[in-house]
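Inside the fold
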Amino acid sequence: MLIGTHSHGIDAKGRMFLPAKMRYEFGDTVYLVKGIDPCITVYPIQAWNEFYAKLDGLPQIEARKIKRFLFASAVETPIDSQGRVLIAPELREYAGLGKNVKLIGMGKTAEIWSEENYGSEMESMQVDDIANKLIELGF
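Residues numbered from 1 in each chain as written. Predicted model: local features only at pLDDT ≥ 70, side-chain atom pairs only at ≥ 80, totals over all residues. Heavy atoms only, no water.

**Some thoughts on the nonpolar core**
General note: in soluble globular proteins, nonpolar side chains tend to be found buried as a group. One finds Met-16, Phe-26, Leu-32, Ile-40, Ile-87, Leu-97 and Ile-112 to be the most contacted residues of the largest nonpolar core, which totals 21 residues. Where this core is concerned, the elements lending two or more residues are helix H1 (20-26), strand S3 (29-34), strand S4 (40-44), helix H4 (89-95), strand S7 (100-105) and strand S8 (110-114). Non-local contacts of Leu-32, meaning those with residues more than four positions away in its chain, are made with Ile-40, Thr-41, Val-42, Ser-73, Ala-74, Val-75, Thr-77, Val-85, Leu-86, Ile-87 and Leu-91. By size, the runner-up hydrophobic cluster in this structure holds 7 residues, among which are Val-33, Ala-47, Trp-48 and Leu-55. (Core = buried A, V, L, I, M, F, W, Y, C linked by side-chain atoms within 4.5 Å. Buried < 20%, exposed > 50% of the residue type's maximum accessible area, 1.4 Å probe, protein only. Helix = DSSP H or I, 4+ residues; strand = E, 2+ residues; numbered from the N terminus. Contact = heavy atoms within 4.5 Å.)

Okay, here's the thing in structure tokens:
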């Protein structure tokens, strides 16, 4: 399971180290995709295949804009021998990534955030809203 918050840097070539614990979960290759929030979602191959199958099962007329947004930005990226992943310039620009980023475990996936965007996201969260959503979902 991909969990935790990890602070990392992006080098001049756009590469970022993945924590050893997460590397095991990711395997040799990941998919990097625009997130709905201003971040990049990182999918291990199995999670990507599951996600793709769900989207592909939706009626084309309903899912076409979602597919365009996600699949046009998707990049299949190997994890190099040093545990780094190359983040495409278009994805770095979309997420506003600078030198310092946060890698956030999300269970089956992870997210890469700029420090600024992640800080703003965390400041905007209201614990009561999260609690109410959990109650609504039956927890």
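**Concerning the side chain of Arg-84**
Relative to the helices and strands, Arg-84 resides in strand S6 (residues 84-86). A distance of 2.8 Å separates a polar atom in the side chain of Arg-84 from a polar atom in the side chain of Asp-80. Setting aside residues no more than four positions away along its own chain, Arg-84 makes contact with Asp-11, Arg-15, Met-16, Phe-17, Pro-78 and Ile-79. (Polar contact = N/O pair within 3.5 Å; in protein donor to acceptor, adjacent residues only side chain to side chain.)

**Some thoughts on the pairing of S3**
It is a general feature of regular strands that their side chains alternate between the two faces of the sheet. Extensive coverage of S3 is indicated by the burial of 5 of its 6 residues. Looking at chain direction, S3 and strand S5 (residues 75-78) are connected through 4 bridges and run antiparallel. From the neighbouring strand, Leu-32 faces S5, where its bridge partner is Val-75. (Pairing = 2+ DSSP bridges.)

**Regarding the pattern of salt bridges**
The tally for this structure, following the rule as stated, stands at 5 salt bridges. Ionic pairing is found between Lys-108 and Glu-50, a salt bridge with its closest N-O pair at 3.1 Å. Of this pair, Lys-108 sits in the loop between S7 and S8 while Glu-50 is found in helix H2 (residues 45-56), placing the two residues 58 residues apart along the sequence. Of the residues examined, Lys-108 reaches a relative accessible area of 55% and is grouped as exposed. Its relative accessible area of 32% is what places Glu-50 among the partly exposed residues. (Salt bridge = Lys/Arg side-chain N within 4 Å of Asp/Glu carboxyl O.)

**Comments concerning the packing of aromatic side chains**
One pass over the structure, following the stated rule, counts 8 aromatic pairs. The interplanar angle of 70° and the centroid separation of 5.7 Å between the aromatic rings of Trp-48 and Phe-71 together place this pair among those described as edge-to-face. Here the residue Trp-48 occupies a position in helix H2, and Phe-71 occupies one in helix H3 (residues 60-73), the gap between them amounting to 23 residues. A relative accessible area of 26% places Phe-71 in the partly exposed class. An angle of 70° between the planes, with centres 6.1 Å apart, marks the rings of Phe-69 and Tyr-94 as edge-to-face. Residue Phe-69 is found in helix H3, and its partner Tyr-94 is found in helix H4; the two are separated by 25 residues along the sequence. One aromatic cluster is present, built from ring pairs that chain together Tyr-31, Tyr-43, Trp-48, Phe-51, Tyr-52 and Phe-71. (Phe/Tyr/Trp six-rings, centres within 6.5 Å; stacked < 30°, edge-to-face > 60°.)

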